[in-house]
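Observations on the model geometry
As a plain string of letters, each chain reads:
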Amino acid sequence: MTDRPPLPPFTVETALQKVQAAEDAWNTCEPEKVAAAYTLESAWRNRDTFVTGRDEIVGFLAAKWERELDYALRKNLWAFHENRIAVRFQYESHDTTGQWWRSYGNELWEFDEHGLMRRREASINDLAISEAERRIFGPRPASERGQEFPIR
């Protein structure tokens, strides 16, 4: 099995790197690229949906990004310990009717010794917003890396 650094146990620096790598991958909206960061048998809870394994993750993400158009995400490290990381995140997208949404959430991540995520639990709430209220436009610019993204 190939390692996916940084590896646990995490430090502040390596936990921040892992969070930014996840944000970068999710902002590609490429299901296969995102799924490669998870173990073959990874278990997810995403809202009220339970997903197991990379193939299901790819299917879940493909369907997600068919519904959530112009998706743009920001993640921030909340806490970490050994092989676990807690993240706060916000993303914006619009649906096929043109309604914009901001989604706020928390994720709990658990990694194996190779740095692959074996467990992901996500709690997410959605807020309808107008296009004028948008704050997230594409991937995070290099000048904003490492900065907290305000909740507002």
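Further up the page is the structure itself.
A brief structural summary. (Residues numbered from 1 in each chain as written. Predicted model: local features only at pLDDT ≥ 70, side-chain atom pairs only at ≥ 80, totals over all residues. Heavy atoms only, no water.)

Here the focus is empty space enclosed by the protein. The tally for this structure, following the rule as stated, stands at one cavity of 30 Å³ or more. By volume, the largest cavity is sized at about 60 Å³. Forming the walls of the largest cavity are Trp 26, Asn 46, Lys 64, Tyr 71, Leu 73, Lys 75, Phe 89, Tyr 91, Glu 107, Arg 120 and Ile 124. Elements represented by at least two residues in the lining of the largest cavity include exactly strand 3 (69-81), strand 4 (84-94) and strand 6 (117-129). Ranked by residue count, the leading element in the lining of the largest cavity is strand 3, at three residues. (1 Å grid on protein atoms, 1.4 Å probe; cavity = no way out; pocket = protein on both sides within 12 Å on 5 of 7 lines; lining within 4 Å. Points joined across faces, edges and corners; volume = space filled by probe spheres on them. Helix = DSSP H or I, 4+ residues; strand = E, 2+ residues; numbered from the N terminus.)

Another aspect to go through is the pattern of salt bridges. Two side chains with opposite charge may pair up if their charged atoms get near one another. Inspection of the entire model under this criterion finds 12 salt bridges. In this structure, Glu 148 engages Arg 88 in a salt bridge whose closest nitrogen and oxygen atoms are separated by 2.3 Å. Of this pair, Glu 148 sits in the segment after strand 6 while Arg 88 sits in strand 4, placing them 60 residues apart in sequence. Salt-bridge contacts for Glu 92 lead to Arg 134; the nearest nitrogen and oxygen are separated by 3.9 Å. Taken together, the residues span a long stretch of sequence, with Glu 92 in strand 4 and Arg 134 in the segment after strand 6 at a distance of 42 residues. Of the residues examined, Arg 134 reaches a relative accessible area of 17% and is grouped as buried. Counted as one network, the salt bridges with shared partners bring together Lys 75, Glu 107 and Arg 120. (Salt bridge = Lys/Arg side-chain N within 4 Å of Asp/Glu carboxyl O. Buried < 20%, exposed > 50% of the residue type's maximum accessible area, 1.4 Å probe, protein only.)

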